[in-house]
Amino acid sequence: FFGDIITRHWLIYSESIGAVFCFPCKLFPFDSKLRSSFSKSGFHDWKHADELILSHENSIEHRNAVSSWLTCQNNKFCVDKSLLNHMRTETNYWIDVLKRVVAVVKFLCERSLSFRGDNEAFGVSNNGNYLGILELISQFDPFLKEHILKYGNQGTGNPSYLSKTICEELIQLMGKKVLKTIIEEINIAKYYSLIVDSTPDCSHIDQLSIVFRYVYLGEVKERFVHFIPVNSHKGKSLFDVVNNFLNEHNLNLENCRGQSFDNAANMSGKYEGLQAHIKQKNSFAQFVPCAGHSLNLIGVSATESCREAIHFFSYLQKLYVFFSSSPRRWTILTTNLSTNDNQKLLRLKSLSQTRWCCHYESVRALFINYDNILNCLENINNDIEEKIDVRREAKSLMKKFLKFEAAFMCVLWQTILERFNKVSEKLQKPGLDLLSGCDLIRSLQQFIFHERKKFDEYENLAQNLSEKIMDNYEGFGKRKQKRSENQTILSGRKKLEVDTFFIIIDKLIYELDTRLNAYSLFYSQFKFLVNFKTDIEPDIESLNNCIKFYNVDLDDNLKTEINHFYQYIKTISSDIDNCSAIAKLIYERNLIDVFPNVYIALRLYLTIPLTNCEAERSFSKLALIKNRLRSTQVEKRLNALTIMSIENDICKNLSFDDVLDTFATSKSRKMNFT
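These numbers come from a predicted model, not from an experiment. (Residues numbered from 1 in each chain as written. Predicted model: local features only at pLDDT ≥ 70, side-chain atom pairs only at ≥ 80, totals over all residues. Heavy atoms only, no water.)

1. Some thoughts on the overall build of the protein chain
Next up, step 1: For the protein chain, the count of helices and strands is 29 helices and 7 strands.
Next up, step 2: By the burial criterion, 46% of the 674 residues in the protein chain qualify as buried.
Next up, step 3: Relative to all contacts within the protein chain whose residues are 6 or more apart in sequence, the contacts with residues 24 or more apart total 70%.
Next up, step 4: Only carbon and sulfur atoms are counted for the fraction: they give 51% of the accessible area of the protein chain, which is about 35,500 Å².
Next up, step 5: Of the side-chain charges in the protein chain, 85 are positive and 80 negative, and the distance between the mean point of each set is 4 Å. (Helix = DSSP H or I, 4+ residues; strand = E, 2+ residues; numbered from the N terminus. Buried < 20%, exposed > 50% of the residue type's maximum accessible area, 1.4 Å probe, protein only. Contact = heavy atoms within 4.5 Å. Areas by Shrake-Rupley, 256 points an atom, 1.4 Å probe, with all protein chains shown as cover. Lys, Arg positive; Asp, Glu negative; His and termini not counted. Charge placed at Lys NZ, Arg CZ, Asp CG, Glu CD.)

Next up, the structure:
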């Protein structure tokens, strides 16, 4: 059909009886004998709908009824006209009020601030952030100032639209719209990956965080969508929760192309884990172990690989506890510490099994301030005003860090943890693609492998760390141990090299190699996409593997398209160095119809996540929004506040005018005539 589409506004559908009515004919029936089904019982003869609706539309009765309705509407002295004008004026007034309320809600949600205080009245100091900001705005906004003076503090039964009830309703509506916007983006993107993790909140409710990764308009997005309380951590129970959420929001599990969780058995288990249950429903949803968690596990394994490593970090934690347990000792320490190149004070940190940046920062502070820390311990030991137990502990710590092996471990771990920390920070960025992250981990493995030959360099660095350090290996390797007759007795230096240095380095290399094997499948499928800058032709084997595995998404035309695309990339002058930039280039230059299979392959590849760090970040917001002062809030409010806080870029740019129109129309009061 060609031409315009004209809507018949006079047709009204009744969901209760499944029929349509003619509104003017129902309102102004002229002759009861000539009344049709459109004005009586309703029309539902869908087989003959076209001709019968057209016949009714051209009938005299319908034309007379429409004329009567238009005359009634245009009569300015009509009661309905006055009511409608009053209702429209009142609605616009309340919309202006609600726009200011929405702006305040956006501001507080973006910063994860609390809304309510101890008092719900205007003009008091403890009325909370929500009413306080409205009072602040009213100082520069005459409209809001007049509204507060007229309606504020009027009590129940006198609507002001500034109360906590209206605020809570708006929070729910705004949160739903942000969630709806994200779901619409996912449906447009089609392919997505799941990132799931859980943690208990302050009220001891286990919250399951659900994050989606997808490619929207050529850009990689990682969006938080929901917290779901869970009672069971079994893989099947977690799958049921995730599957119910997908069904509730009309997201097809068959479009899932990746999943990334931590290394817990209930998540990553091959047989009964969450990833196994998802794969049973969709074999294309490839599981990717979180690279960030993998690096942490590698670090834990290395620090527990030998006695000297265990002792070193134990002493380092004791050193932090010794200084931090007393404000006076902490002041002595901080006044003697040096700063780094950015003038940032390097402090000791409490060691954590999950945040390995604390290990690096603490070792870095010790490495830079080795002499200063020893001086602090010596001064405390010689201070006669200190308690005898404190002086004894300071002396014990000083003796431990005067040993050569402690200085050697400090130099070694400072180098290793610095590289681990840099790689970990890069892996946590949402835009990093899978194989680029794997190459980064592989380069870390090669770096550590080359460090295996540098024992002499580490030895020299340890000797120059401080003039107070004892002579080489004094007392090292002389512990009394039962030895067998054929056991070789190593010297102090050789024992440090063989039993400590080599064990730590080899353990790191082995663990990195084991973790990298988990990503070998993705190299065999997507290698042809990542080497476009160096290869003259695409890797044929990985290209065939990709087409074979994703047979429902790609076809053999990808082979000719990728060859053409390689030539196209070499002809343009744009500085493109990764797959994310390629996908954005194809979208912005409107080349999707030229390279459709290439664009699909890029979306599939970029959709697969490398880490589940976005779910971990959502826990930080959870701790801010649901804290000990706000521990009783309901789940709906928690999710609305969290999604607006985390996805504040969507919330900022989103227009809530349609929400306000519907809300104000439903809440507006009609004029009372006396």
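2. Details of the sheet that holds strand S6 (residues 256-261)
Next up, step 1: The strand order across the open sheet built from 5 strands is S5-S4-S3-S6-S7, with neighbouring strands paired in mixed fashion. Where the open sheet ends on each side, the last strands, each with one partner, are strand S5 (219-229) and strand S7 (286-289). The mean angle between the axes of side-by-side strands here comes to 25 degrees, regardless of whether they run parallel or antiparallel.
Next up, step 2: Both S6 and S7 contribute to a ladder of 4 bridges, which runs parallel. (Pairing = 2+ DSSP bridges. Axes fitted to C-alpha atoms, helices over the stretch in contact; angles between N-to-C directions.)

3. A word on the side chain of glutamine 525
Next up, step 1: Secondary-structure assignment places glutamine 525 in helix H21 (residues 520-530).
Next up, step 2: Excluding its chain neighbours within four sequence positions, the residues that come into contact with glutamine 525 are Gln286, Ser542, Asn545, Cys546, Phe549 and Tyr550.

4. Things to note about a nonpolar patch on the surface
Next up, step 1: Side chains of Ile12, Phe23 and Leu27 sit close together on the surface and give an oily, nonpolar patch of about 240 Å² of accessible area.
Next up, step 2: Along the polypeptide, phenylalanine 23 turns up in helix H1 (residues 23-27). (Patch = residues over 30% accessible without salt bridge, like charges linked within 9 Å, V, L, I, M, F, W, Y side chains within 5 Å. Salt bridge = Lys/Arg side-chain N within 4 Å of Asp/Glu carboxyl O.)

5. Concerning the nonpolar core
Next up, step 1: Counting residues in each nonpolar core, the largest one holds 111 residues, and the members touching the most others are Phe312, Phe323, Tyr370, Phe408 and Trp413.
Next up, step 2: With 14 residues, helix H17 (residues 404-427) is the largest single contributor of residues to this core.
Next up, step 3: For tryptophan 413, the contacting residues outside a window of four places in its chain are Ala302, Thr303, Ala309, Phe312, Phe313, Val363, Glu418 and Ile504. (Core = buried A, V, L, I, M, F, W, Y, C linked by side-chain atoms within 4.5 Å.)

6. Re helix H24 (residues 579-588)
Next up, step 1: When H24 is considered as a whole, its buried residues turn out to be Cys579, Ser580, Ile582, Ala583, Leu585 and Ile586.
Next up, step 2: In this structure asparagine 578 caps H24, since a side-chain oxygen of it lies 3.2 Å from the backbone nitrogen of serine 580. (Polar contact = N/O pair within 3.5 Å; in protein donor to acceptor, adjacent residues only side chain to side chain.)

7. Thoughts on the pattern of salt bridges
Next up, step 1: By the definition in use, this model includes 29 salt bridges.
Next up, step 2: Here aspartate 389 ties to arginine 392 by a salt bridge, and the two come within 2.9 Å at their closest N and O atoms. Placement of both aspartate 389 and arginine 392 in helix H16 (residues 388-402) is noted, with a separation of 3 residues, approximately one turn of the helix.
Next up, step 3: Taking relative accessible area as the criterion, arginine 392 reaches 51% and is therefore assigned exposed.
Next up, step 4: The shortest N-O distance in the salt bridge between aspartate 439 and arginine 442 comes to 3.8 Å. Separated by 3 residues within a single helix, aspartate 439 and arginine 442 lie in helix H18 (residues 434-451), roughly one turn from each other.

8. Points about the packing of aromatic side chains
The description of two aromatic rings rests on the distance between their centres and on the angle between their planes.
Next up, step 1: Taken as a whole and assessed by the stated rule, the structure comprises 32 aromatic pairs.
Next up, step 2: Centroid distance phenylalanine 312 to phenylalanine 313: 5.2 Å. Interplanar angle 75 degrees. Geometry classified as edge-to-face.
Next up, step 3: Overall, phenylalanine 312 belongs to the buried group, its relative accessible area being 2%.
Next up, step 4: The class for phenylalanine 313 is buried, based on a relative accessible area of 7%.
Next up, step 5: When the ring of phenylalanine 404 is compared with that of phenylalanine 408, the centres are 6.4 Å apart and the planes differ by 35 degrees; the resulting orientation is tilted. Separated by 4 residues within a single helix, phenylalanine 404 and phenylalanine 408 lie in helix H17, roughly one turn from each other.
Next up, step 6: Residue phenylalanine 404 is classed as buried on the basis of its relative accessible area of 2%.
Next up, step 7: With relative accessibility at 0%, the residue phenylalanine 408 sits in the buried group.
Next up, step 8: Put simply, the rings of Phe404, Phe408, Phe455, Tyr458, Phe501 and Phe502 pair up and form one aromatic cluster.
Next up, step 9: In this structure, arginine 329 packs its charged tip against the face of phenylalanine 322, placed 4.7 Å from the ring centre. (Phe/Tyr/Trp six-rings, centres within 6.5 Å; stacked < 30°, edge-to-face > 60°. Lys NZ or Arg CZ within 6 Å of the ring centre and 35° of its normal.)

9. Considering the packing of H24 against helix H25 (residues 596-607)
Next up, step 1: The contact between H24 and H25 brings their axes to 10 Å, and the two run at 140 degrees. Here H24 lies oblique to H25, going by the angle between them. Seen from above, H24 lies across H25 with left-handed handedness. When H24 is examined against H25, the residues Cys579, Ser580, Ile582, Ala583, Ile586 and Tyr587 are found in contact with a partner set consisting of Val598, Tyr599, Leu602, Tyr605 and Leu606.
Next up, step 2: In the contact of H24 with H25, the residues fall into 10 nonpolar, 1 polar and no charged. (Parallel < 35°, antiparallel > 145°, perpendicular 65-115°, else oblique. Left-handed = near helix turned anticlockwise from the far one by under 90°. Nonpolar A, V, L, I, M, F, W, Y, C, P; charged D, E, K, R; others polar.)

10. Some words on the state of the cysteines
What makes a disulfide is a covalent bond joining the sulfur atoms belonging to two cysteines.
Next up, step 1: Per the stated rule, a full pass over the model turns up 0 disulfides.
Next up, step 2: Note on cysteine 290: no disulfide assigned, nearest cysteine sulfur contributed by cysteine 613 at a separation of 5.0 Å.
Next up, step 3: Residue cysteine 579 stays outside any disulfide, its sulfur separated by 11 Å from that of cysteine 546, the closest cysteine. (Disulfide = S-S within 2.5 Å.)

11. What about the environment of phenylalanine 656?
Next up, step 1: Here phenylalanine 656 shows up in the loop between helix H28 (648-653) and helix H29 (657-667).
Next up, step 2: Residue phenylalanine 656 is classed as buried on the basis of its relative accessible area of 4%.
Next up, step 3: Sequence separation of phenylalanine 656 and leucine 173 is 483 residues, and the distance between their C-alpha atoms is 9.1 Å.
Next up, step 4: Residues contacting phenylalanine 656, with those up to four places away along its chain left out, are Val102, Lys106, Met174, Lys177, Val178 and Cys651.

12. Observations concerning the side chain of arginine 223
Next up, step 1: Mapping arginine 223 onto the fold places it in strand S5.
Next up, step 2: Here the side chain of arginine 223 touches aspartate 649 through a polar contact of 3.0 Å, side chain to side chain.
Next up, step 3: Residues contacting arginine 223, with those up to four places away along its chain left out, are Ile182, Glu185, Ile210, Val211, Phe212, Tyr214, Glu647, Asp649 and Ile650.

13. Remarks on the confidence of the model for the protein chain
Parts of the prediction with low pLDDT should not have their coordinates interpreted in detail.
Next up, step 1: Averaged over every residue, the pLDDT of the protein chain is 86; the share at 70 or more is 91%.
Next up, step 2: Low pLDDT, under 50, characterises residues 670-674; the stretch is placed with 5 contacts to residues that sit more than four places away or in other chains. (pLDDT = per-residue confidence, 0-100.)

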